[in-house]
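Chain and residue survey
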Amino acid sequence: MSTYRLDYLDELESEAIHIFREVAGQFEKPALLFSGGKDSITLVHLALKAFRPGKFPFPLVHIDTGHNFPEALLFRDELVKQIDEKLIVRCVEDTIRTKQLTEQKGKFASRNQLQTYTLLDTIQEFGFDACIGGARRDEEKARAKERIFSVRDEFGQWEPKRQRPELWNMYNGKIHKGENVRVFPISNWTELDIWNYIRREKIALPSIYFSHDREVLEYEGQYVAVSDFIRIDETDVIATRKVRYRTVGDMTCTAAVLSDASTVEDIISEIITTKTSERGETRIDDRFSEAAMEDRKKNGYF
Amino acid sequence: MDILRFITAGSVDDGKSTLIGRLLYDSKNIMIDQLAAIERQSKHKEDGDIDLALLTDGLRAEREQGITIDVAYKYFTTPKRKFIIADAPGHIQYTRNMVTGASNADLIIILIDARNGVAEQTRRHSLIASLLHMPQVIVAVNKMDLVAYSQDVYNNIVIEYAKLAKLLDLDQVTYIPVSALYGDNIVERASSMPWYEGESLLGLLENVEVQKLINHDKARFAVQYVIRPQTQALHDYRGYAGKILSGIYRKGDDITVLPSGATSTIKAIETGGGTSVDEAFAPQAVVLHTADDIDISRGDVIVLNKDIPKAARELEILLCWMDNKPLLAGNKYLLQINSTRVKAVIKDIVYSMDVNSLQKNYHPEKGELNDILKVTLKTASPVVYDSYKDLPVNGGGILIDETSNVTVGACIIQ
């Protein structure tokens, strides 16, 4: 009897595939939100497992802030070509222009908040009723509270006090017109689980996840890539360091970590011994306040 | 390495969040930036100690009120296991959130304040554990530091709880005295209680045998989605994608599709991405192919012929009511069991149970938020189910209000 037991990665995989297929079964017009980071690349890999040899019952959607790492965009296009699925790209730049939005100011002016406008417009444009995302509950404490099927109102808002009970493995995706559901198949995965899975499944990743030389400026203990999107001041110290990215977001708000890890194996040993959390080490945008993520989610963020 | 999912239940002041914080902290699963953040927030405290409860209270309202409102999921790993903690509120007002967290758990930790002994809330938490047939219960008698680490106090609580456990048919109960605040018996055995001879809490969690039941007799597969590529090369491909709820499926097995009753044999089994295998077992997500061309769609259940589950239009269920609007006989809902949905009407409310005294109140006029009720349901068409006590994975269901779309009840089919 004891031989019929799933390893933890198999159990997580099976849970995620089940969630993907619930989306396919319950919704008319789902989409997979693809950022080019390791979590959404893992989502694509899981979607292949859930639906091949059939096609995905949804397109990939990328909300392009215009501040992406070029390596991530290159990787995105190659992946889409390889799996032969549909990709929809909508640009924050266009939303800023047509809606005359005001951009953030300052040294690391970020479009992180503005991308919510583009996301909500895109959801409306295509009539998406479910958006699959790669958020994990171990990332952040507001995310730790969110359901796997998270209902958002017509403004995309998350209302933590009105979450539906989510019992056993049964998901209730029933919504009113105009609402949508955010679905998080890898809710129960940790950063380490993702990397162990990437190793096991030999999933390819953008090169910036691995150690490379990069021109960075050191700012309050974080290393930010030199790019056209940040303001360089005369007093800034710029140096070429051996770094890698632990998360891949915008160039303006994602910090690199000093690292020699050049293989998935190296990265796994690095994560096991690290003393700082993934978002704490790399995300400049979470530092604003204790409830930064909760507030963004209430406004329609992923 | 396997996964253990557990839930912690305790009331507002039982030190539940502190216990989890301590478990994460002492097992070195907290990062320094997370610690720095809670140190900043703990500054107002006079004793200067950090408040480990802040690690789990994730919402602004929770931090403001110092209580847990909704389930938070926390993760930690030791060399032996990956743990998923559902940190659920214990207050009566949030019973539904606790049921939510408990529904997926293999084990429940029930906290008892050593100064108070078995309290109303202990009875409520234990009742929920009993209703959901929780395989394992750990009773953690907390705040032992406030009763001078007294063995007598602990023993009396154990005796008192054992009576409750018997009443509720909880047979796998383990007891442990702890002080979450000081970390006594959490990760390491404490010198403060030499009379306690068992393992530390973490030791118990690492070593407890969890039956991830493979029920060899009852094989159940819920069809979620039909994969039909409709390309030239795969013109005849028709795969039934879904999840094995229980049992083992092998190539060549004779099957019955419910509720239609059509029969066939398994021609092929694929795991993720179209890889063929000879057998697959719960809880794997797979694709089944049948030898005959029969009508199968989402919501159907494919079973092995050696044990066919019941199909009925009238069900007796224990219901945890989760909506602010009252439950009334005659109300109509959608009943969802795994991937099946069917219209249902409440025929009769047999009784409601006082979750604190465990007394039954027969034929109440209505059910209210957080009530545990026994009701009879009539469905529009036959539903395929097992009794929850025989096979929980096919004996639970949810009720959905078709006007609000909200999940309003958790059903435990009798």
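Residues numbered from 1 in each chain as written. Chains lettered and ligands numbered in written order. Predicted model: local features only at pLDDT ≥ 70, side-chain atom pairs only at ≥ 80, totals over all residues. Heavy atoms only, no water.

Quick word on the pairing of strand β10 (residues 254–258) of chain B
Residues and elements named next belong to chain B. The buried fraction of β10 is high, at four of five residues. Summarising the sheet, β10 and strand β11 (residues 262–271) pair through four bridges and their orientation is antiparallel. What sits directly across from Thr256, in β11, is Thr263. Counting the residues that bridge the hairpin from β10 to β11 gives three residues, and of these Gly261 lies at a positive phi of roughly 90°. (Buried < 20%, exposed > 50% of the residue type's maximum accessible area, 1.4 Å probe, protein only. Helix = DSSP H or I, 4+ residues; strand = E, 2+ residues; numbered from the N terminus. Pairing = 2+ DSSP bridges.)

Some words on the sheet that holds strand β4 (residues 107–113) of chain B
Residues and elements named next belong to chain B. Spatially, six strands are ordered β2-β3-β1-β4-β5-β6 in an open sheet, and the strand pairing comes out mixed. On the outer flanks of this sheet lie β2 (72–77) and β6 (173–177), each paired with one strand and no other. The average undirected angle you get between the axes of adjacent strands in this sheet is 25°. By the bridge criterion, five bridges tie strand β5 (residues 136–142) to β6 in an arrangement that is parallel. In the strand pairing of β6, Ile138 is matched with Thr174. Against the sheet, helix α4 (residues 95–103) touches β1 (2–9), β2, β3 (81–87) and β4, its axis set at about 160° to β1. Where helix α6 (residues 151–167) meets the sheet, its contacts fall on β4, β5 and β6, and the angle it forms with β6 comes to roughly 160°. (Axes fitted to C-alpha atoms, helices over the stretch in contact; angles between N-to-C directions. Contact = heavy atoms within 4.5 Å.)

Quick look at the packing of α4(B) against helix α5 (residues 120–131) of chain B
All names here are of chain B. Put simply, α4 and α5 touch, their axes get as near as 10 Å, and they point 40° apart. It follows that α4 is oblique to α5 by the angle criterion. By crossing handedness, the relation of α4 to α5 is classed as right-handed. Of the residues in α5, those touching α4 at Thr95, Met98, Val99 and Ala102 are Arg124, His125 and Ile128. Considered class by class, the residues forming the contact of α4 with α5 number four nonpolar, two polar and one charged. (Parallel < 35°, antiparallel > 145°, perpendicular 65-115°, else oblique. Left-handed = near helix turned anticlockwise from the far one by under 90°. Nonpolar A, V, L, I, M, F, W, Y, C, P; charged D, E, K, R; others polar.)

Looking at the side chain of A:Arg137
All names here are of chain A. Of note, Arg137 is situated in the loop between β4 (130–132) and β5 (149–152). For Arg137, which is buried and forms no salt bridge, the nearest opposite charge comes from Glu166, at a distance of 4.3 Å. Of note is the side chain of Arg137, whose polar atom sits 3.1 Å from the side chain of Asn188. (Lys, Arg positive; Asp, Glu negative; His and termini not counted. Salt bridge = Lys/Arg side-chain N within 4 Å of Asp/Glu carboxyl O. Polar contact = N/O pair within 3.5 Å; in protein donor to acceptor, adjacent residues only side chain to side chain.)

Considerations on the environment of B:Ser352
Residue and element names in this part refer to chain B. Take Ser352: it is sitting in strand β19 (residues 340–353). It is 9.4 Å that separates the C-alpha atoms of Ser352 and Glu368, two residues lying 16 residues apart in sequence. Sequence-distant contacts of Ser352, defined by excluding residues within four places in its chain, comprise Gln359, Lys360, Asn361, Pro364, Ile372 and Leu373.

A closer look at the interface of chain B and chain A
On the chain A side, the residues contacting the 82 residues of chain B number 63 residues. Carbon and sulfur atoms make up 55% of the area that chain B and chain A hide from each other, which totals about 6,300 Å². The interface formed by chain B and chain A contains five salt bridges. Residues B:Arg298 and A:Glu22 are paired through a salt bridge, measuring 2.9 Å at the closest nitrogen-oxygen approach. Taken together, the links from chain B to chain A amount to 28 residue pairs in polar contact (both at pLDDT 80 or more). When its residues are assigned to classes, the side of chain B that touches chain A shows 38 nonpolar, 27 polar and 17 charged. (Buried area = accessible area lost by both parts, 1.4 Å probe.)

Looking at the state of the cysteines
Residue and element names in this part refer to chain A. Evaluated as defined, the whole model comprises zero disulfides over all chains. Cys131 takes part in no disulfide bond, and the closest cysteine sulfur to it belongs to Cys91, at a distance of 17 Å. Here Cys253 is not disulfide-linked; the sulfur of Cys91 is the nearest cysteine sulfur, at 17 Å. (Disulfide = S-S within 2.5 Å.)

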